[in-house]
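Single-letter residue listing:
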Amino acid sequence: MSRVNTSVRRPRIFYGWWIVVACSVIIWYGAGTFFYGFGVFFNPIRKEFGWAAATTALAFSLYRLEGGIGAPIVGLLVDRYGPRKLMLFGAVVVGIGFIFLSRTSSLGSFYAAFLILSLGFSAGMGVVGQVAVANWFDKKRGRALGLLMMGAGAAGIVAPVLAWLLGEFGWRTTLVIVAVGTWIVCMPMAALVRHRPEDYGYHPDGEPLDRSQIETASPDGSFIPSEGMSWQEAIKTRAFWLISLSAMLAGTAISAIIIHLVPYLENVGLPREIAALSITFLTFSSLAGRVGLGWLGDMFDKRFLLAIAFTVQGIAVLFFAFVSNFWMVVLFLALFGPSYGGGIPLRPALM
């Protein structure tokens with residue numbers, strides 16, 4: 001017999017929005033300290049050990065590779081155990097990874113630290129939060145994911161803070177501070193996350209669940225929705241592989257640009273603090289795309305919106321390839337930021 005509560009009154013604020021807030025804070029911290037923030041550590045670490053830029057950047061490639069390989073496993077674990085347990089586990093592991101990175105003494109330990117961080121980020125941040133939010137919304141899924149990704153958009157403000165900490169305390173102590181912050185910020189937020197609204201008496205978007213509408217329940221009484229595809233069915237479709245290919249190509253280009261943006265601007269003569277502000281400008285300009293295209297995705301064909309976003313990103317990168325002065329950097333960021341941001345909620349909403 002199902003234990004789903006079917007007599008729940010509709011609350012003033014649907015709990016799904018609290019999940020959006022919690023996951024957004026987690027993504028904000030993770031993106032700010034690592035995805036966008038690692039560029040601040042790039043040159044100091046490289047110069048201390050005398051490593052080539054390509055050797056140092058390879059660690060980030062390993063991080064992305066492990067994340068890609070582990071994504072199907074994470075997806076299965078989310079379905080089995082729910083996002084909250086994975087996010088709590090991930091926050092613990094990410095903190096350990098930052099501590100390990102702060103103790104780096106060789107190239108091998110540097111790469112190992114990135115593999116630990118990749119495990120933690122795969123389990124605790126990114127796609128897991130997107131899945132949690134997507135489960136709680138249907139008609140408002142695009143705007144909910146857009147608001148979720150505002151956390152990553154606001155993450156750019158963390159890079160200048162990291163640059164200041166690095167100047168005051170050095171990169172090793174700064175990484176320890178980041179590790180402790182991971183546990184303080186992310187673990188309480190992860191504890192707020194819930195798996196599916198049906199388990200708590202609601203449809204997605206907040207409509208109360210009628211007992212007559214409950215189709216099936218798992219052995220522990222939790223709701224199992226009948227809509228959608230199994231993963232076995234999904235991987236047999238052309239759409240799955242086209243979406244996966246586009247995400248892979250876009251992710252490769254975007255990661256390369258973001259990880260090298262700060263060190264590149266430092267190498268052409270900008271101070272570290274000013275170069276770090278380029279990340280802030282990029283992420284804040286992406287907010288317009290995250291919210292705007294996320295909202296439009298609920299009203300128009302997501303495929304065409306995503307194609308437009310990719311096109312504008314390509315044009316922006318052409319400007320960046322020939323950058324020769326500060327204003328060309330500004331033009332690149334003004335074009336790349338919103339189009340990059342717009343693709344972030346559109347891809348999971350489309351999937």
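Everything below is about the structure printed above this text.
Residues numbered from 1 in each chain as written. Predicted model: local features only at pLDDT ≥ 70, side-chain atom pairs only at ≥ 80, totals over all residues. Heavy atoms only, no water.

Caption draft 1: Quick peek at the packing of aromatic side chains. In the structure shown here, the tally under the stated rule is 20 aromatic pairs. The structure contains a cluster of three or more aromatic residues connected by ring pairs, namely Phe34, Phe38, Phe49, Trp51, Phe98, Phe110, Tyr111, Phe114, Phe121 and Trp171. (Phe/Tyr/Trp six-rings, centres within 6.5 Å; stacked < 30°, edge-to-face > 60°.)

Caption draft 2: Broad picture of the pattern of salt bridges. Applying the stated rule across the entire model yields 2 salt bridges. For Glu48, the salt bridge goes to Arg172, with nearest N and O atoms at 3.2 Å. Of this pair, Glu48 sits in helix H2 (residues 38-49) while Arg172 sits in helix H10 (residues 171-191), and the two are 124 residues apart along the sequence. Under the relative-accessibility criterion, Glu48 is labelled partly exposed at 45%. Between Asp301 and Arg303 there is a salt bridge; the shortest N-O distance is 2.7 Å. When its relative accessible area of 31% is taken as the criterion, Asp301 is described as partly exposed. (Salt bridge = Lys/Arg side-chain N within 4 Å of Asp/Glu carboxyl O. Helix = DSSP H or I, 4+ residues; strand = E, 2+ residues; numbered from the N terminus. Buried < 20%, exposed > 50% of the residue type's maximum accessible area, 1.4 Å probe, protein only.)

Caption draft 3: Structural view of the layout of surface pockets. Looking at the second largest pocket, its volume works out to about 210 Å³. Around the second largest pocket, the lining residues are Ala239, Leu242, Ile243, Ser246, Arg303, Leu306, Ala307, Phe310 and Leu350. For the lining of the second largest pocket, the secondary structure elements donating two or more residues are helix H12 (238-267) and helix H14 (302-321). (1 Å grid on protein atoms, 1.4 Å probe; cavity = no way out; pocket = protein on both sides within 12 Å on 5 of 7 lines; lining within 4 Å. Points joined across faces, edges and corners; volume = space filled by probe spheres on them.)

Caption draft 4: Expanded view of helix H4 (residues 83-102). Between its first and last C-alpha, H4 extends 28 Å over 20 residues, near the 28 Å set by a 1.5 Å rise per residue. Listed as buried for H4 are Pro83, Leu86, Met87, Gly90, Ala91, Val93, Val94, Gly95, Gly97, Phe98, Leu101 and Ser102. (Expected span 1.5 Å × (residues − 1).)

Caption draft 5: Examining the environment of Cys186 more closely. With respect to the helices and strands, the residue Cys186 is situated in helix H10. We classify Cys186 as buried; its relative accessible area is 1%. In this structure the C-alpha to C-alpha distance between Cys186 and Gly30, which are 156 residues apart in sequence, comes to 8.6 Å. Once residues within four sequence positions are removed from consideration, Cys186 is found in contact with Ile26, Tyr29, Ala91, Met125 and Gly181. (Contact = heavy atoms within 4.5 Å.)

Caption draft 6: Highlighting H14. Taking 1.5 Å of rise per residue, 20 residues should cover 28 Å, and H14 covers 29 Å from first to last C-alpha, within 8% of that figure. Taken as a whole, H14 has its buried residues at Leu305, Leu306, Ala309, Gln313, Ala316 and Phe320. Looking straight down H14, one finds that the buried residues subtend no more than 95 degrees of arc, so they occupy a single side. Exposed side of H14, more than 90 degrees from the buried face: Phe304, Ile308, Leu318 and Ala321 are the residues found there. (Arc of directions from axis to C-beta.)

Caption draft 7: Focus on the packing of H4 against H10. Following both chains from N to C, one finds H4 and H10 inclined at 175 degrees, their axes separated by 8 Å at the closest point. As far as their axial angle goes, H10 and H4 are roughly antiparallel. Across the interface between the two elements, Arg84, Met87, Leu88, Ala91, Val92, Val94, Gly95, Ile96, Phe98, Ile99, Leu101 and Ser102 of H4 pack against Trp171, Arg172, Leu175, Val176, Val178, Ala179, Thr182, Trp183, Cys186, Met187, Ala190 and Ala191 of H10. For the contact of H4 with H10, the per-class residue count stands at 19 nonpolar, 3 polar and 2 charged. (Axes fitted to C-alpha atoms, helices over the stretch in contact; angles between N-to-C directions. Parallel < 35°, antiparallel > 145°, perpendicular 65-115°, else oblique. Nonpolar A, V, L, I, M, F, W, Y, C, P; charged D, E, K, R; others polar.)

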